[in-house]
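Next come the chains, spelled out residue by residue.
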Amino acid sequence: MTNEELMLFLKKNIISVSCVVVSILIGITLYYRSDALPDAEKILADKAQEGELLAANIEDSAQLKEQHVAIVASNAAIDDRMIRVNQLAENYQYMYRLESETGTKLTDPRQNAWTPPAKNAVKTNFTIVNFNLTAQGEYAQILDLLRRLEDGEHYCRVNTLNLRAVSVNRGGPVTMAITFDLLAIE
Amino acid sequence: MALPLKKKSDAAAVTVPPWHPNLRIVETLPDTKVVRTAFFVNGAAMLLALVLVLLLGVQEWKLHEVNKQIDDWQRQIDRDTKQSDEAKALYADFQSEEAKVDEVADFVASRPKLSNIILRLGQITPKKIAFDSLDFRDNGFNIRATIKGAPDPATSDASAYLKQLRVDKVLGPMLHEVDLLTLVKNQMSGRMVMEIFCMYKKGGVKKP
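Everything numeric in this text was worked out from a predicted model, so none of it was measured.

1. Brief notes about the overall build of chain A
Now for step 1: Counting secondary structure elements, chain A contains six helices and five strands.
Now for step 2: From first element to last, N terminus to C terminus, chain A shows the α and β order α-α-α-α-β-α-β-β-α-β-β.
Now for step 3: For chain A, the residues scored as buried account for 34% of the 186 residues in total.
Now for step 4: Put simply, chain A shows about 11,300 Å² of open surface, and 57% of that area lies on carbon and sulfur atoms.
Now for step 5: Between the averaged position of the 18 positive side-chain charges in chain A and that of its 24 negative side-chain charges there is a distance of 5 Å.

This is the structure we're talking about:
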């Protein structure tokens, strides 16, 4: 087919040829843009998820500021109730203050040696200091001492306790030997 | 006779044997086709092009809608990101503060309050049973007590006391076992002396 014949064919079938050319071009465009919609939908899903997450964060944090202020205040109060590991004098002063407040007689109050936690141990905010104490007094006084220790100004847990009468006579003084932990700041 | 719709080709004219002389000049005969083949070809081509244009249009319209939604979400994300980041930072700080409170709560809850147990024991123990000693350990506590009165009913008093300890509404839920370890006669006083061990429930003890 010569050029002239080709031109003649094109002129004679201009509509169909144009349509076919347009169809081919559109087909190519459709092919190359066929991924655009799924990609855009994936982006939309991601954006929607991110947007919803952010909205949920904001919604969930509605009262967070107030709660944060409250918990910071609680922790300030907690810190005030902590003993300091190295402040032996103050720690012993606490024991003797309890002695004078309860009317008991303390013998051998002792803060046991404290060892810092191992480097690979789980990091905690507070540490534990162990104490030994033996007290003598009336039953009510001893119970008062125990209550003041457990519910007192420092956080305390009693590990062992032995309570017995001093003499065989009922109603007389009793002796209490306890080991207990106080929560402390290094 | 109806005229044929199709224009006869020269070849057809040759192949059909004429029964009389063919005097027609084929080139000059009029075109009798009502609808040209080109019409159908053009129509099909246009239809194809139209369908493809429509497909492309629908696809692009969908894409436009999706992109519009993406833009909407992006605007919302841009608006909320700062506030959300602030909330996240505040929450992280809240968690670290909460960990301190939890640590203290765990510490306090790790052992029962012994003063409460002693007071409860004092409340529920019958007058004829007098404590000699109370010994609290990690896993439970030991009660050593003297049962007043004659030795004969002492055993039933002891078992009644054990039962009372087991079912007590305060002590019962925190105890796993209540065992009578010994029940012997004190030669000096002539009274029965019993020793009971109350074992805490494993996995933590609720504060009485």
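2. Comments concerning the pairing of strand E3 (residues 175-185) of chain B
Put simply, side chains in a regular strand alternate between the two faces of the sheet.
Residue and element names in this part refer to chain B.
Now for step 1: Pairing geometry for E3 and strand E4 (residues 192-200), over nine bridges, is antiparallel. Bridging across to E4, Val184 finds its partner in Val193.
Now for step 2: Between E3 and E4, which follow one another and run antiparallel, lie six residues, and Gly190 among them has a positive phi close to 80 degrees.

3. So, the packing of aromatic side chains
Now for step 1: Scanning all chains against the criterion turns up six aromatic pairs over all chains.
Now for step 2: A centroid spacing of 5.3 Å and a plane angle of 10 degrees characterise the contact between A:Phe131 and A:Phe180, whose relative ring orientation is stacked. Here A:Phe180 lies in strand E5 (residues 174-185) and A:Phe131 lies in strand E3 (residues 127-137), a separation of 49 residues in the sequence. With respect to burial, A:Phe131 and A:Phe180 carry one shared label: buried.
Now for step 3: An angle of 35 degrees between the planes, with centres 5.1 Å apart, marks the rings of B:Phe136 and B:Phe141 as tilted. Each member of the pair, B:Phe136 as well as B:Phe141, is classed as buried.
Now for step 4: Feature note: the residues B:Phe136, B:Phe141 and B:Tyr200 constitute an aromatic cluster, connected by ring pairs.
Now for step 5: Here the guanidinium or amino end of A:Arg81 rests over the ring plane of A:Tyr155, the centre of that ring lying 4.1 Å away.

4. Thoughts on the interface of chain A and chain B
Now for step 1: Contacts between the two partners involve 61 residues from chain A and, on the opposite side, 60 residues from chain B.
Now for step 2: The salt bridge involving A:Arg33 is made with B:Glu60; its shortest N-O contact spans 2.5 Å.
Now for step 3: Taken together, chain A and chain B are joined by 19 residue pairs in polar contact (both at pLDDT 80 or more).
Now for step 4: Taken together, the elements giving at least two residues each to the side of chain A that touches chain B come down to helix H2 (14-32), helix H3 (36-60), helix H4 (64-80), helix H6 (139-151), strand E4 (156-165) and E5 of chain A.
Now for step 5: No other element matches H3(A), which puts 15 residues into the side of chain A that touches chain B.
Now for step 6: For the side of chain A that touches chain B, a count of residues per class yields 33 nonpolar, 15 polar and 13 charged.
Now for step 7: Here E4(A) runs beside strand E1 (residues 129-136) of chain B; their pairing, made up of four bridges, is antiparallel. The residue of E1(B) that forms the bridge with A:Asn162 is B:Asp135.

5. Quick look at the domain arrangement of chain B
A common way to report how large an interface is uses the accessible area buried once the components associate.
Now for step 1: Along its sequence, chain B is organised into domain 1 (37-110) and domain 2 (114-200).
Now for step 2: Computed from C-alpha atoms alone, the centre-to-centre distance between domain 1 of chain B and domain 2 of chain B is 69 Å.

About the thresholds
- Residues numbered from 1 in each chain as written.
- Chains lettered and ligands numbered in written order.
- Predicted model: local features only at pLDDT ≥ 70, side-chain atom pairs only at ≥ 80, totals over all residues.
- Heavy atoms only, no water.
- Helix = DSSP H or I, 4+ residues; strand = E, 2+ residues; numbered from the N terminus.
- Buried < 20%, exposed > 50% of the residue type's maximum accessible area, 1.4 Å probe, protein only.
- Areas by Shrake-Rupley, 256 points an atom, 1.4 Å probe, with all protein chains shown as cover.
- Lys, Arg positive; Asp, Glu negative; His and termini not counted.
- Charge placed at Lys NZ, Arg CZ, Asp CG, Glu CD.
- Pairing = 2+ DSSP bridges.
- Phe/Tyr/Trp six-rings, centres within 6.5 Å; stacked < 30°, edge-to-face > 60°.
- Lys NZ or Arg CZ within 6 Å of the ring centre and 35° of its normal.
- Contact = heavy atoms within 4.5 Å.
- Salt bridge = Lys/Arg side-chain N within 4 Å of Asp/Glu carboxyl O.
- Polar contact = N/O pair within 3.5 Å; in protein donor to acceptor, adjacent residues only side chain to side chain.
- Nonpolar A, V, L, I, M, F, W, Y, C, P; charged D, E, K, R; others polar.
- Domains from an automatic or database assignment.

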